[in-house]
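Understanding the architecture of this molecule
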Amino acid sequence: MSAKLDATAVPAELVVMKYARAAGHFAALQSVPFTFKLMAYPMERIRLLMQTQHTNKTFEGSNFNSLGRTISHMKNEGYLAAWRGASPTIVRWLPSQYIVLFLKDHLSGHFPVYNKDKQYGMYFAGKVGNGVR
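Since the model is a prediction, treat every value here as computed from it, not as a measurement. Numbering of residues begins from 1 in every chain and follows the order in which that chain's sequence is written. Owing to the predicted nature of the model, reporting of local features is limited to residues with pLDDT of at least 70; listing and counting of side-chain atom pairs is limited to 80 or more, with chain, interface and lining totals taken over all residues. Neither water nor hydrogens contribute to the side-chain values; these are computed over all heavy atoms in the structure.

**Considerations on helix α2 (residues 66-77)**
Numbering of helices and strands runs from the N terminus, with a helix taken as a DSSP run of H or I at least four residues long and a strand as a DSSP run of E at least two residues long. Any helix carries an expected span of 1.5 Å times its number of residues minus one. Between the first and last C-alpha of α2 there are 16 Å, a value that for 12 residues agrees with the 16 Å anticipated at 1.5 Å per step. Each residue gets one of three labels from its accessible area relative to the maximum for its type: buried under 20%, exposed over 50%, partly exposed in between, using a 1.4 Å probe on protein chains only. For α2, every residue scored as buried is listed here: Gly68, Arg69, Ser72 and His73. The buried residues of α2 all sit within an arc of 130° when viewed along its axis, so they share a single face. When the buried face of α2 is taken as reference, the exposed residues oriented beyond 90 degrees from it are Leu67 and Lys75. Immediately beyond the C-terminal end of α2, within one or two residues, lies Gly78, with a positive phi of roughly 100°. Throughout, the arc means that of the directions going from the helix axis to the C-beta atoms.

And the structure:
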């Protein structure tokens, strides 16, 4: 039994390289929001501390603004304490982002393509349904 090679067949190595490249692009695209989420987390933590300062006996009698609260927090608890509690936030955030991107990619193929100039209403409805802003 001799198997003939199909001229249009794509070698398995090229398919693997294609998916590896796509995975690399996906990882790079996800690292940017992940980094910004980590950079902004101390501001979220200070905001939460300011919202709950009436329950915290450490800050009783002090009426700080956000800058004063940030400075006192860094002095009292240390620099790395600003990221305390970031892990659960990131663990909740990453899977939700993956699900949103997967659904967007999956659903975008189900919407027909309309001409922007001739059928703007249908074009706009398709973009809204697709999730494109």
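**A word on the environment of Tyr41**
Relative to the helices and strands, Tyr41 resides in helix α1 (residues 12-51). The buried category is assigned to Tyr41, whose relative accessible area is 10%. Remark: the alpha-carbon pair of Tyr41 and Ile90, spanning 49 residues in sequence, is separated by 9.9 Å. For this analysis, residues touch if any pair of their heavy atoms sits within 4.5 Å. Excluding its chain neighbours within four sequence positions, the residues that come into contact with Tyr41 are Ala82, Trp83, Arg84, Gly85, Ala86 and Thr89. Side-chain polar atoms of Tyr41 contact the backbone oxygen of Arg84, separated by 3.5 Å. Pairs of N or O atoms are called polar contacts if they sit within 3.5 Å, as long as, within protein, a hydrogen donor faces a hydrogen acceptor (for residues adjacent in sequence, only side-chain-to-side-chain pairs).

**Focus on the packing of aromatic side chains**
Pairing of aromatic side chains here covers Phe, Tyr and the six-membered ring of Trp, requires ring centres within 6.5 Å, and sorts the geometry by plane angle: under 30 degrees stacked, over 60 edge-to-face, intermediate tilted. On inspection of all chains with the given rule, the structure shows three aromatic pairs. Measuring from ring centre to ring centre gives 6.2 Å for Tyr120 and Phe124, while their planes differ by 20°; the resulting arrangement is stacked. Placement of both Tyr120 and Phe124 in helix α4 (residues 120-130) is noted, with a separation of four residues, approximately one turn of the helix. Every member of this aromatic cluster is reached through a ring pair, and the members are Tyr120, Tyr123 and Phe124.

**Examining a nonpolar patch on the surface**
Patch definition: residues with relative accessible area over 30% and no salt bridge; like charges joined within 9 Å; nonpolar side chains (Val, Leu, Ile, Met, Phe, Trp, Tyr) joined within 5 Å. Computed with a 1.4 Å probe, the accessible areas rest on the Shrake-Rupley method; for each residue, only the protein chains presented here act as cover. Every case where a carboxyl oxygen of Asp or Glu lies within 4 Å of a side-chain nitrogen of Lys or Arg is listed as a salt bridge. A grouping of Ile99, Phe102, Leu103, Leu107 and Phe111 is seen on the molecular surface, where their side chains present a nonpolar patch of about 470 Å² in accessible area. Relative to the assigned elements, Ile99 resides in helix α3 (residues 86-108).

As far as function goes, none of this settles anything; it's purely spatial.
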